[in-house]
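Here's the letter readout for the chains.
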Number of protein chains: 2
Amino acid sequence: MDSAKILSQHNIKPSIIRVMIYDFVKNTKSHPTVDEIYKHLQPMAPTLSRTTVYNSVKLFASSGLFKALSIDGIQIRYDADIGHHGHFRCEECDRVFDFKIHEDAESGLDGFDITKREIFYSGSCIECKSKN
Amino acid sequence: MDSAKILSQHNIKPSIIRVMIYDFVKNTKSHPTVDEIYKHLQPMAPTLSRTTVYNSVKLFASSGLFKALSIDGIQIRYDADIGHHGHFRCEECDRVFDFKIHEDAESGLDGFDITKREIFYSGSCIECKSKN
DNA sequence: TTACAAAATTGTAATAATTACAACTCTGTA
DNA sequence: TACAGAGTTGTAATTATTACAATTTTGTAA
């Protein structure tokens, strides 16, 4: 669907920059950081400010369009795929891979209201592993 | 077991401050941050430096004694419980709860070498939920 | 005990991500 | 065209973390 329409449906005015930010995160598998978003879009939108990127991704996250991930514990990354899935970060090549969760039973949270679930693994990906 | 012995077994010299840091994290359910560790121990050890706390928790983490958690995406928290369990953070009262994981099947990571697993949920805890 | 090397600890300064905020620009409508 | 409100920008402040050199402590051998 048209990105501008998606934003409108969430009561967010689809300004050019917002649509650009939304599209970039949506089409980028690696779940970019604010800095990566800024560096990628800045050549096309020379007056773009980092603050605008921060404002926009926070707005999207609070509207449920993005999930904020703390994959590496250093920077916050943004993911436009809202479905429940895990993230694996390879510590050698630094790439982030999505994976599916099949089952996920927990105990100790009876009566709790769970609104956000994040599954984060790390180690070596299959390519880096075979190099060693 | 004696904390000093545990450190020794991991080839870490059990200096007084290191043992204090280890004990505090081990006995604190909330998985403290470096700042919380520092603020708690500083009155007892007036010359304590934040750098020492950073050095120590990093040392413990690299030796497998601690797990580094990025629970809130802002600060890194440390956990002396190495077993596989999840963390739930209540967004209202900011407390962190541990919970057990029963099953945990994933697909898409065949051939990957997984060295670290972190499960992080958030929402409202049972107490805050009943207040509303 | 003394001397000395190695390890641990400390404090300051630098770095980097994020936030606060005031000024400026754009958009839509009367 | 005028104006209000929303959006965007840039600078400065804040905060967590790291780098690093100086100082202190520890363990060991003379």
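Check the entry above for the structure.
Residues numbered from 1 in each chain as written. Chains lettered and ligands numbered in written order. Predicted model: local features only at pLDDT ≥ 70, side-chain atom pairs only at ≥ 80, totals over all residues. Heavy atoms only, no water.

(A) How the structure looks around the environment of Ser107 of chain B. The residue Ser107 of chain B is located in strand S5 (residues 106-107) in this model. Here Ser107 of chain B falls in the partly exposed class, since its relative accessible area comes to 26%. Excluding residues that lie within four positions of it along the chain, Ser107 of chain B makes contacts with Phe99, Lys100 and His102 of chain A. (Helix = DSSP H or I, 4+ residues; strand = E, 2+ residues; numbered from the N terminus. Buried < 20%, exposed > 50% of the residue type's maximum accessible area, 1.4 Å probe, protein only. Contact = heavy atoms within 4.5 Å.)

(B) Main features of the environment of Glu118 of chain B. Residue position: Glu118 of chain B is located in strand S6 (residues 113-124). For Glu118 of chain B, a relative accessible area of 5% gives the class buried. Glu118 of chain B sits 32 residues away from Gly86 of chain B along the chain, and the two C-alpha atoms are 6.8 Å apart. Non-local contacts of Glu118 of chain B, meaning those with residues more than four positions away in its chain, are made with Glu118, Ile119, Phe120 and Tyr121 of chain A together with Ala68, Leu69, Ser70 and Ile71 of chain B. Here the side chain of Glu118 of chain B touches Ser70 of chain B through a polar contact of 3.2 Å, landing on its backbone nitrogen. (Polar contact = N/O pair within 3.5 Å; in protein donor to acceptor, adjacent residues only side chain to side chain.)

(C) Main features of the protein's contact with DNA strand D. Ser15, Thr47, Thr51 and Thr52 of chain A together with Lys58 of chain B are the nearest of the 15 residues found near DNA strand D. Among the atoms of DNA strand D lying within 4 Å of the protein, the sugar-phosphate backbone contributes 72%. Ser49 of chain A has a polar side-chain atom sitting 3.3 Å from a base nitrogen of DNA strand D. Here Lys58 of chain B contributes a side-chain N or O atom positioned 2.9 Å from a phosphate oxygen of DNA strand D. Looking at the surface near DNA strand D, the elements with two or more residues in it are helix H2 (16-27) and helix H4 (50-62) of chain A together with helix H4 (50-62) of chain B. When its residues are assigned to classes, the surface near DNA strand D shows four nonpolar, eight polar and three charged. (Near = heavy atom within 4 Å. Nonpolar A, V, L, I, M, F, W, Y, C, P; charged D, E, K, R; others polar.)

(D) Quick peek at the relation of the copies chain A and chain B. Once chain A is rotated about the relating axis by 179° and shifted along it by 0.0 Å, it coincides with chain B to within an RMSD of 0.1 Å. Here the symmetry operator amounts to a two-fold rotation axis. Minimal C-alpha separation from the rotation axis in chain A is found for Ile119 of chain A, amounting to 2.4 Å. Both copies share a contact surface, since 100% of the interface residues of chain A are interface residues in chain B too. (Least-squares fit on C-alpha atoms with pLDDT ≥ 70 in both.)

(E) How the structure looks around the pattern of salt bridges. All names here are of chain A. One pass over the structure, following the stated rule, counts ten salt bridges over all chains. The partner of Lys39 in a salt bridge is Asp35, with the nearest N and O atoms 2.7 Å apart. Within this pair, Lys39 and its partner Asp35 are both found in helix H3 (residues 34-41), separated by four residues, close to a single helical turn. What makes Lys39 exposed here is its relative accessible area of 53%. Linking Arg50 and Asp35 is a salt bridge whose minimum nitrogen-to-oxygen distance equals 2.8 Å. With Arg50 in helix H4 and Asp35 in helix H3, this pair connects stretches of sequence that are 15 residues apart. A relative accessible area of 36% places Arg50 in the partly exposed class. Take Asp35: its relative accessible area is 24%, and that puts it in the partly exposed class. (Salt bridge = Lys/Arg side-chain N within 4 Å of Asp/Glu carboxyl O.)

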